[in-house]
Amino acid sequence: MNAIASAFERKVHVPLGERAYDILIGPGLIARAGAEIASRLKGRKAAVITDEHVAPLYLEALVQSLEAAGIASATLVLPAGEKTKSFEHLMTVCDKVLEARIERNDYVIALGGGVIGDLSGFAAGIVRRGVRFVQVPTSLLSQVDSSVGGKTGINSRRGKNLVGVFHQPDLVLADTDVLNSLSAREFRAGYAEVAKYGLIDKPDFFAWLEANWQAVFAGGAARIEAIATSCQAKSDVVVADERETGQRALLNLGHTFGHALEAATAYDSSRLVHGEGVSIGMVLAHEFSARMNLASPDDARRVESHLKGVGLPTRMAEIPGTLPSAEVLMDAIAQDKKVKGGKLTFILTRGIGQSFVANDVPASEVLSFLKEKHPQ
Ligand SMILES: NC(=O)c1ccc[n+]([C@@H]2O[C@H](COP(=O)([O-])OP(=O)(O)OC[C@H]3O[C@@H](n4cnc5c(N)ncnc54)[C@H](O)[C@@H]3O)[C@@H](O)[C@H]2O)c1
Ligand SMILES: O=C(O)C(=O)C[C@@H](O)[C@H](O)[C@H](O)COP(=O)(O)O
Ligand SMILES: [Zn+2]
């Protein structure tokens, strides 16, 4: 059992009382996963859930590392892509966890991106009314966002992430080596959520990204720095408002529009992936804020210029295929979990790094804005 950390490793602690946990970020963590889990937690059985892209690359190494630490594992390999966040696959995961006789102190381990993390975390939250959960995030998006904070769930045909529970992980192991096998498109999609933290309330981080994004894409110290800064930013927000009764909604910057676009493309990852929807959504949120005279249009131009510069889509017109009408997009927005008393909540901004939660946003303003921006 080798539990020696790399000199580059970073740790972010999420201080949530009895639900507190560590996020370890750095190279070589899959090989050390068994040792890290066994040194912190008691269970000796795991159900490892992964997808068909990640399994051939990293499943065996994880299973061996668990075995070396005395943790026996059952494995389940699911299809890759957003459509896997479904009731059908939730049943398959729950059944695998029960078949493997995972007890409450044993683990569900999610090895993969946010799709596998959200789905497996949901299963871990409901099987036996909650078993332990370890995240081994393998996409940039899952390392900077979805593995942290305990939001789990699946999509419904009525909208994105509409069925789920809060279930915090017990440990997050973000092995930065595995990002080298991620496609350029998926790396960019994850980067949208990194930029999001700057745009919420860290203007200096956004400026740092504008200057250093090429180093972040290249790997090495700048990448680890960006991941650790993102995890710390997310942890701070989650600790202040774990169940999104208020300020956690800031993490939804760009998501009200983005989620409507994901639903409008029927969660077809070949047309739009989550981070791309967030990129387009963040530009729309900045433009809408300018239209409401809350922010300067220059800020929206700056956001678009950076996201476009790294190769992300920033306009609805860039989504392949035909989009439904602005009215249909509004229907999806009406299902958003932030809606209160039928009134829309949006994350708007007064400028770069000055986002705020706006309740009671007039639906008529949003509709006419969407009609203006709609490509067809
Ligand atoms: N729970 C949360 O707080 C939260 C936060 C943000 C996003 N999300 C959710 O996360 C999902 C998006 O996550 P994602 O972008 O990771 O998508 P994903 O899980 O679909 O992963 C993206 C693609 O990359 C592949 N992949 C993952 N790691 C790889 C690796 N190391 N090498 C090669 N291929 C790899 C996957 O197989 C998949 O094809 C969405 O469903 C979104 O709603 C949840
Ligand atoms: O953790 C959060 O809170 C977030 O909003 C993070 C988002 O990046 C993420 O996409 C989340 O799944 C969206 O949550 P939802 O409640 O809008 O479904
Ligand atoms: Zn997101």
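Remember, predicted model here, so these are calculated numbers, not experimental data.

Turning next to the overall build of the protein. Looking only at helices and strands, one finds 13 helices and 11 strands in the protein. For the protein, whose C-alpha radius of gyration is 20 Å, the value lies close to the compact-globule estimate of 21 Å for 376 residues. For the protein, the C-alpha atoms occupy an extent of roughly 60 × 40 × 40 Å along the three principal directions. The buried share among the 376 residues of the protein stands at 58%. Here the contacts in the protein between residues at least 6 apart in sequence split such that 75% fall between residues at least 24 apart. Accessible surface for the protein amounts to roughly 14900 Å². Of this, 51% is attributable to carbon and sulfur atoms. Of the side-chain charges in the protein, 41 are positive and 43 negative, and the distance between the mean point of each set is 4 Å.

Our focus in this paragraph is the pairing of strand β2 (residues 21-26). For β2, a buried count of 6 out of 6 residues is recorded, marking the element as mostly surrounded by other parts of the structure. Burial along β2 is two-sided: the face carrying Y21, I23 and I25 and the face carrying D22, L24 and G26 are both buried. Inspection of the sheet shows strand β1 (residues 10-14) paired to β2 by 5 bridges, in the antiparallel sense. From the neighbouring strand, K11 faces β2, where its bridge partner is L24. Connecting the antiparallel pair β1 and β2 is a turn made up of 6 residues, with G17 showing a positive phi of about 60°. Where β2 lies against strand β9 (residues 171-175), 5 bridges are found, and the strand directions are parallel. Residue pairing across strands places I23 opposite V172, the latter belonging to β9.

The next thing to look at is the UniProt feature "domain: 3-dehydroquinate synthase C-terminal" (unreviewed entry) in the protein. Within this numbering scheme, the UniProt entry marks residues 190-339 as carrying the feature "domain: 3-dehydroquinate synthase C-terminal" (unreviewed entry). Span residues 190-339 is 65% helix and 0% strand, its end C-alpha atoms 26 Å apart.

For the zinc ion (ligand 3), the full set of protein donor atoms is E193 (OE), H255 (NE2) and H274 (NE2), and the range of their distances to it is 2.0 to 2.2 Å. One chain supplies every donor for the zinc ion (ligand 3), spaced along it as E-x61-H-x18-H. Linking H255 in helix α9 (residues 255-264) with H274 in helix α10 (residues 274-291), this pair joins segments that are 19 residues apart in sequence. Here H255 falls in the buried class, since its relative accessible area comes to 5%. When its relative accessible area of 16% is taken as the criterion, H274 is described as buried.

Turning to the site of ligand 1, a few remarks are in order. Near ligand 1, the surroundings consist of 27 residues, among which D51, E82, T138, S139 and S181 are the closest. A distance of 2.7 Å separates an oxygen atom of ligand 1 from a polar side-chain atom of E82. In this structure, V115 approaches ligand 1 through a main-chain N or O atom, which is 3.0 Å from an oxygen atom. Of all the elements in the fold, those that place two or more residues in the shell around ligand 1 are α2 (55-68), α4 (114-126), α5 (140-146), β8 (159-163) and α6 (184-201). Taken together, the residues of the shell around ligand 1 break down into 8 nonpolar, 9 polar and 10 charged.

Looking now at the packing of helix α7 (residues 203-218) against helix α8 (residues 221-240). Where α7 contacts α8, the axes come no closer than 8 Å and their chain directions differ by 135°. Between α7 and α8, the angle falls in the class oblique. Every pair of crossing elements has a handedness; the one defined by α7 and α8 is left-handed. Contact with α7, carried on its side by F205, W208, A215, V216, F217 and A218, involves A222, R223, E225, A226, T229 and S230 of α8 and no other residues of that element.

Turning to the environment of S65, a few remarks are in order. Within the element layout of this structure, S65 appears in helix α2. Here S65 falls in the buried class, since its relative accessible area comes to 7%. Leaving out residues up to four positions away in the same chain, S65 has contacts with I30, A31, R32, A33 and G34.

How each quantity is defined
Residues numbered from 1 in each chain as written. Chains lettered and ligands numbered in written order. Predicted model: local features only at pLDDT ≥ 70, side-chain atom pairs only at ≥ 80, totals over all residues. Heavy atoms only, no water. Helix = DSSP H or I, 4+ residues; strand = E, 2+ residues; numbered from the N terminus. Rg over C-alpha atoms; globule rule 2.2 N^0.38 Å. Buried < 20%, exposed > 50% of the residue type's maximum accessible area, 1.4 Å probe, protein only. Contact = heavy atoms within 4.5 Å. Areas by Shrake-Rupley, 256 points an atom, 1.4 Å probe, with all protein chains shown as cover. Lys, Arg positive; Asp, Glu negative; His and termini not counted. Charge placed at Lys NZ, Arg CZ, Asp CG, Glu CD. Pairing = 2+ DSSP bridges. UniProt positions renumbered as here; feature names shortened; annotations may be inferred. Donors = N, O, S within 2.8 Å, 3.2 Å for Na, K, Ca; no water. Near = heavy atom within 4 Å. Polar contact = N/O pair within 3.5 Å; in protein donor to acceptor, adjacent residues only side chain to side chain. Nonpolar A, V, L, I, M, F, W, Y, C, P; charged D, E, K, R; others polar. Axes fitted to C-alpha atoms, helices over the stretch in contact; angles between N-to-C directions. Parallel < 35°, antiparallel > 145°, perpendicular 65-115°, else oblique. Left-handed = near helix turned anticlockwise from the far one by under 90°.

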